[in-house]
Amino acid sequence: MIDRRLFSLGLGSGLLVACTDSVPSSSAPAARMQPVRNAGWDAWVAGFKSRAAAQGISQSTINRAFQGAGYLPGVIERDRNQVEFKRSLEDYLAIATSDERIATGKQMLVRHAGTLSQIEAQYGVDKEVVVAIWGLESRYGARRGDVPVVSALSTLAYDGRRGQFFESQLMATMKILQNGDTAPANMTGSWAGAMGHTQFIPTSYLAYAVDFTGDGRRDIWSDDPTDSLASTAAYLARSGWVRGQPWGGEAGTVSGTPVAVLQPQVPGPRIAVFRNFQVIKRYNNSDSYAIGVGHLSDRIAGGAPFQASFGPDETGLTLENRKELQRRLTSAGYDTQGADGVIGNNTTSAISAYQRANGLPATGEPSVALLRQLGG
């Protein structure tokens, strides 16, 4: 199994990075994503070029790939300062199945109806599932990443932490360029090398990407998402997707005999899952991710939210309470950058600012008392 978890859970342009209140504070500024001179990187690249040539990469491809490439200090900063988000399933779903993400998904389902129907017919993967992955990975193409992939991967491979893995991704990148699927200037993605609308890493691209438009190129980088969406369906199909079978759903609402019933959070919904749930996990080996994709696909198709309540959190606030707290803080002049009910850096900063301004200890912690105080 190709492990995409590194790329999909906050290191690329996908779900957690894309969420307003969940962006790691360690995000490197744009200036740090510009190449700088580094003698060690130069020497490493010289050695890599020899290894690439030994694997059949042409000199012209190597020269084009590294023209203008360089060491990116911002990539190392991001790699060194990753924030591991420990979100509850309730918070994860609040992000993954936000009203905005559902509404945009429905729009995309209509906008690309013909293409998605053709993809579903060919690969047997529900079009709503493909759209849901698109929504979680790059906000339907809005956040595909703009970091030069050759520079990013060569920086990570030279740096040494997981160097062998990133060199294998860089070698796959050389093969993609040699195949003519895109030009080096167009090959941009996340700081960790995930690319396109559905954030393929290079080795996954080589294994699963398809040319669905028939133009001779497997183009996941263009504004047209066709090849990306078809490639995602191909990935799931080749991973064992069962045509016509649901991914799962809230226990008691789906037919058939599930392979398991999960309850990731208590109190909270019990989730009956089928084989296709495990197939989604091939795309990202996380129960929360697979539930997020599955539930978002259901909501895009017009399905209802989970009926079981998660109940109040440890502060005594329900999700709706937390959303209302964010709305009230923003109305009072302490902007939380949205009201999704997820307490992240923006919300805690807004709470702290409000507390300081009102002579309270600046804990940054939400509470029932704070909600009442803001409500008058």
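Residues numbered from 1 in each chain as written. Predicted model: local features only at pLDDT ≥ 70, side-chain atom pairs only at ≥ 80, totals over all residues. Heavy atoms only, no water.

Quick look at the overall build of the protein chain
Along the protein chain, the regular secondary structure elements total 18 helices and five strands. Compactness check: the protein chain gives a C-alpha radius of gyration of 22 Å against a globular reference of 21 Å for 376 residues, within 12% of the reference. Referenced to the eigenvectors of the C-alpha coordinate spread, the extents of the protein chain come out at roughly 70 × 55 × 35 Å. For the protein chain, the proportion of contacts with a sequence separation of at least 24, taken over those separated by at least 6, is 70%. Just so you have it, the protein chain exposes about 15,700 Å², and 47% of that area is on carbon and sulfur atoms. When the 36 basic and 34 acidic side-chain charges of the protein chain are each reduced to a single mean position, those positions are 3 Å apart. (Helix = DSSP H or I, 4+ residues; strand = E, 2+ residues; numbered from the N terminus. Rg over C-alpha atoms; globule rule 2.2 N^0.38 Å. Contact = heavy atoms within 4.5 Å. Areas by Shrake-Rupley, 256 points an atom, 1.4 Å probe, with all protein chains shown as cover. Lys, Arg positive; Asp, Glu negative; His and termini not counted. Charge placed at Lys NZ, Arg CZ, Asp CG, Glu CD.)

What to know about the environment of Arg-37
Inspection of the secondary structure puts Arg-37 in the loop between helix H2 (15-18) and helix H3 (39-54). Look at Arg-37 and you get exposed, because its relative accessible area is 77%. Note: C-alpha distance between Arg-37 and Leu-72 (35 residues apart in sequence) is 9.2 Å. (Buried < 20%, exposed > 50% of the residue type's maximum accessible area, 1.4 Å probe, protein only.)

Considering the sheet that holds strand E3 (residues 248-250)
Taking strand neighbours across the sheet as the criterion, the three strands line up as E3-E5-E4 in an open arrangement whose pairing is antiparallel. Two strands bound the open sheet, and with one partner strand each, they are E3 and strand E4 (260-262). Between one strand axis and the next, the sheet turns through 20° on average, direction left out of account. In this sheet, strand E5 (residues 271-273) lies alongside E3 in antiparallel orientation, the contact comprising three bridges. (Pairing = 2+ DSSP bridges. Axes fitted to C-alpha atoms, helices over the stretch in contact; angles between N-to-C directions.)

Topic: the pattern of salt bridges
A full pass over the atoms with the stated rule returns 19 salt bridges. Of the charged contacts in the structure, one is a salt bridge between Asp-181 and Arg-218, with a shortest N-O distance of 3.6 Å. Of this pair, Asp-181 sits in the loop between helix H11 (163-179) and strand E2 (188-189) while Arg-218 is found in the loop between helix H12 (202-208) and helix H13 (226-238), placing the two residues 37 residues apart along the sequence. If you follow the salt bridges from partner to partner, you end up with Asp-79, Arg-80, Asp-159 and Arg-161 in one network. (Salt bridge = Lys/Arg side-chain N within 4 Å of Asp/Glu carboxyl O.)

Let's talk about helix H18 (residues 368-375)
Listed as buried for H18 are Leu-370, Leu-371 and Leu-374. Along the axis of H18, the buried positions cluster into a sector of 100°, meaning they face one direction only. Opposite the packed face of H18, turned more than 90 degrees from it, sit the exposed residues Ala-369 and Arg-372. Buried residues in H18 make contact with helix H16 (319-331) and helix H17 (345-357). (Arc of directions from axis to C-beta.)

Structural notes on H17
Along its 13 residues, H17 runs 18 Å from first to last C-alpha, staying within 8% of the 18 Å computed at 1.5 Å per residue. For H17, the full list of buried residues reads Thr-347, Ala-350, Ile-351, Ser-352, Tyr-354 and Gln-355. Tucked into the core, H17 has its buried residues touching H16 and H18. Where H17 ends, the next residue or the one after it, Gly-359, has phi of about 70°, a positive value. (Expected span 1.5 Å × (residues − 1).)

Focus: the environment of Leu-229
Within the secondary structure layout, Leu-229 lies in helix H13. Once the C-alpha coordinates of Leu-229 and Lys-127 are considered, the two residues, 102 residues apart in sequence, prove to be 9.0 Å apart. Each residue touching Leu-229, except ones within four places of it in the same chain, is listed here: Leu-116, Ile-119, Val-130 and Trp-134.

Side note on the nonpolar core
Among the nonpolar cores identified, the biggest contains 81 residues, and Phe-66, Tyr-123 and Met-174 are the most heavily contacted of them. Considering each element in turn, this core owes the most residues, seven residues, to helix H9 (residues 127-138). In this structure, Leu-329, Ile-351, Tyr-354 and Leu-374 belong to the second largest nonpolar core, which totals nine residues. (Core = buried A, V, L, I, M, F, W, Y, C linked by side-chain atoms within 4.5 Å.)

Comments concerning the side chain of Gln-326
For Gln-326, the location among the structural elements is in helix H16. Take Gln-326: its relative accessible area is 0%, and that puts it in the buried class. Here Val-342 takes part through its backbone oxygen, which lies 3.1 Å from a polar atom of the side chain of Gln-326. (Polar contact = N/O pair within 3.5 Å; in protein donor to acceptor, adjacent residues only side chain to side chain.)

Quick word on the packing of aromatic side chains
The geometry of two aromatic rings is summed up by the distance between their centres and the angle between their planes. For the structure on display, the rule yields 13 aromatic pairs. Pairing Phe-200 with Tyr-283 gives two aromatic rings, centres 6.1 Å apart and planes at 80°, and the pair type is edge-to-face. With Phe-200 in the loop between E2 and H12 and Tyr-283 in helix H14 (residues 275-283), this residue pair connects regions lying 83 residues apart in the sequence. With relative accessibility at 0%, the residue Phe-200 sits in the buried group. You can call Tyr-283 buried: its relative accessible area is 0%. Counting every residue linked through ring pairs, the aromatic cluster contains Phe-200, Tyr-208, Tyr-235 and Tyr-283. Over the ring of Trp-44 we find Arg-51, and its NZ or CZ is 5.5 Å from the ring centre. (Phe/Tyr/Trp six-rings, centres within 6.5 Å; stacked < 30°, edge-to-face > 60°. Lys NZ or Arg CZ within 6 Å of the ring centre and 35° of its normal.)

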